[in-house]
Amino acid sequence: MEQYLEYALYIASVLGALSLALMLPKERPGIRFIGPLLGTAAMGGLWLFLACSGIWDGRESGLASGSFIYYYLFSGIAIVSAVKVITHTRPVYAALWFVMVVLASSGLFLILSAQFMAFAMVIIYGGAILVTYMFVLMLASQSTSSDHASQAYEKVATEPIMASAAGFLLLAVLLSISFDYHSVDAARAPLDPANTDAALIESTLANRPLKAVKTFVNNAAGEPVEVISPAPPPNLDPTRLANAERIGLDLFQSHPLGLELAGVILLVSLVGAIVIAKTKVPDEQHAASG
Amino acid sequence: MPETVMNSLTLSHFLMTGAILFCLGLVGFITRRNLIIMFLCTEMMFQGVVVTLVAFSRFHLNDTGQTFVIFVLTIAAAEAALALGLVVLLFRRKGTLDSLVWSQLSG
């Protein structure tokens, strides 16, 4: 039985590769609906495979009951949008579909109770990075977009069959590893006793404010001024840590060097972007080719 | 199919979504010729990796996976700034975003 399910995995990968190869932009578009049909079949097969492989599994995931509906919903949106990103012939629409990928995976993070990551994704990816992409798309759009010869590179994909084969070969390998639940899921680490909420609160957050605190600070004239700290939410459970609090503790306690290096990388890329933007382009080359 | 099987989510569910996003990004990077879309596809590969990291973090009850997502975000932001600056520079030289224009590079 398990071998057949393994074959189902490979068949689904081949179907996915075929559907993607059919959907990628070509000079002579074939029959429109075969690609999406095959892709839906591949996805449905994969999910059926997952549901079947769960029969022997029988472990509790610990996620909220009912979240499986949202998993299928958000995964479906993410995958369909990802296919639209790589098959759409107009770059602006591809960027907009990528926003859908980001939003759907933020939904997946909410299912996984990673609220901080979900909102960071929406703000940084959907807000900052995508706006940069849209600006560059507008800056670098051809003024003579009417002639089709200059736009041909948008309409035709290079090596769609070979690329799909390579990508879905990788997918088949990845899936056959991640569906080997005996080695992946069974090795779930036991909860570290130093990593529980109670231990973390006791070791680092023993005197975190649970109600609004009044303090006095000196103003510019040297007179003490009363300052009231913002009150925590009224339904705060003092024995539990929020997702953002846990990530903050882990980031600053376990990875201080990585944090400093991330700051250096951001600074270097800031300087590098300015240097690249100020680079002079030789006029004769631009005139010769443009 | 029993209902209990259908409505239980396992780690494999999320790993599958992450793997599919990564592979779609890879195929897009190889096939598309627009430089901006190519970099958009690398961002999609990042998305796949991030979904995988957060899923591992949740199922192993270890916050380090989510901390690494912050670093992934940092690298993605730095990469977007530098890569898009380069793309604008290349566009100013040749007047097109076609990556095959640059296939004859020498020295």
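Residues numbered from 1 in each chain as written. Chains lettered and ligands numbered in written order. Predicted model: local features only at pLDDT ≥ 70, side-chain atom pairs only at ≥ 80, totals over all residues.

Engineer: Explanation requested: the overall build of chain A in the structure shown.
Structural biologist: A count of helical and extended segments in chain A gives 12 helices and 2 strands. Listed by position from the N terminus, the elements making up chain A come as α-α-α-α-α-α-α-α-α-β-β-α-α-α. Looking at chain A as a whole, 26% of its 290 residues are labelled buried. Restricting to contacts in chain A with at least 6 residues of sequence separation, those with at least 24 account for 59%. (Helix = DSSP H or I, 4+ residues; strand = E, 2+ residues; numbered from the N terminus. Buried ≥ 20, exposed ≤ 12 C-beta atoms within 10 Å, placed from the backbone. Contact = placed C-beta atoms within 7 Å.)

Engineer: How do you make sense of the overall build of chain B when you look at a structure like this?
Structural biologist: The number of helices and strands found in chain B is 4 helices and 0 strands. Each helix (α) and strand (β) of chain B, taken in turn from the N terminus, gives the series α-α-α-α. The C-alpha atoms of chain B give 18 Å as radius of gyration, which overshoots the globular expectation for 107 residues (13 Å, by more than 25%). Each principal axis of the C-alpha distribution contributes one length, and for chain B these read about 60 × 30 × 20 Å. (Rg over C-alpha atoms; globule rule 2.2 N^0.38 Å.)

Engineer: Looking at this structure, how should I read the environment of F119(A)?
Structural biologist: Residues and elements named next belong to chain A. Residue position: F119 is located in helix α5 (residues 115–139). Of the residues examined, F119 has 14 C-beta atoms within 10 Å and is grouped as partly exposed. It is 24 Å that separates the C-alpha atoms of F119 and S269, two residues lying 150 residues apart in sequence.

Engineer: How should I be thinking about the interface of chain B and chain A in this particular structure?
Structural biologist: Note on interface size: it is often stated as the accessible area lost on association of the parts. The interface of chain B with chain A comprises 74 residues on the first partner and 88 residues on the second. Those elements that place two or more of their residues in the side of chain B that touches chain A are α1 (3–6), α2 (11–31), α3 (35–59) and α4 (64–94) of chain B. The element best represented in the side of chain B that touches chain A is α4(B), accounting for 25 residues. Broken down by class, the residue content of the side of chain B that touches chain A amounts to 45 nonpolar, 20 polar and 9 charged. (Nonpolar A, V, L, I, M, F, W, Y, C, P; charged D, E, K, R; others polar.)

Engineer: Sorry, what's going on with the confidence of the model for chain B here?
Structural biologist: For any part of a model where pLDDT is low, the fine detail of the predicted coordinates should not be relied upon. Residue and element names in this part refer to chain B. Mean pLDDT over chain B: 86, with 92% of residues reaching 70 or higher. At the level of individual helices and strands, chain B shows its lowest average pLDDT in α1, which scores 51, and its highest in α3, which scores 92. For this predicted complex, the interface score ipTM comes out at 0.90, alongside a pTM of 0.84. (pLDDT = per-residue confidence, 0-100.)

Engineer: Please clarify how unusual backbone geometry should be interpreted in this entry.
Structural biologist: Glycine aside, residues mostly have negative phi, and peptide bonds are mostly found in the trans state. Positioned with a positive phi, E159(A) is a non-glycine residue whose angle comes to about 50°. Mapped onto the elements of the fold, E159(A) is located in the loop between α6 (152–155) and α7 (160–178). E159(A) gets classed as partly exposed once you count the C-beta atoms within 10 Å, which come to 13. Phi is positive for L61(B), close to 50°, though the residue is something other than glycine. In this fold, L61(B) is placed in the loop between α3 and α4. When the 14 C-beta atoms within 10 Å are taken as the criterion, L61(B) is described as partly exposed.

Engineer: Would you explain the environment of V85(A) in this entry?
Structural biologist: Note that V85(A) resides in helix α3 (residues 67–87). A count of 27 C-beta atoms within 10 Å places V85(A) in the buried class. Between the alpha carbons of V85(A) and A199(A) there is a distance of 45 Å; along the sequence they are 114 residues apart. When residues no more than four places from it in sequence are discounted, the contact partners of V85(A) are A94(A), W97(A), F98(A), V101(A), G28(B), L40(B) and M44(B).

Engineer: Sorry, what's going on with the pairing of strand β1 (residues 214–218) of chain A here?
Structural biologist: Put simply, side chains in a regular strand alternate between the two faces of the sheet. Residues and elements named next belong to chain A. Little of β1 is tucked away: 0 of the 5 residues are buried. Pairing of β1 with strand β2 (residues 224–228) involves 5 bridges; the strand directions are antiparallel. Looking at β2, one finds that T215 is bridged to V227. Connecting the antiparallel pair β1 and β2 is a turn made up of 5 residues, with G222 showing a positive phi of about 90°. (Pairing = 2+ DSSP bridges.)

Engineer: Even after reading the chapter, I still don't get the packing of α5(A) against α3(B), so can you show me in this structure?
Structural biologist: A pair of packed helices is characterised by two quantities: the angle between their axes and the separation of those axes. Two numbers describe how α5(A) lies on α3(B): the axes approach to 12 Å, and their chain directions differ by 175°. The angle between α5(A) and α3(B) falls in the class roughly antiparallel. Judged by residue contacts, M117(A), I129(A), Y133(A), V136(A) and L137(A) of α5(A) engage I36(B), L40(B), E43(B) and V54(B) from α3(B). Residue composition of the contact of α5(A) with α3(B), by class: 8 nonpolar, no polar and 1 charged. (Axes fitted to C-alpha atoms, helices over the stretch in contact; angles between N-to-C directions. Parallel < 35°, antiparallel > 145°, perpendicular 65-115°, else oblique.)

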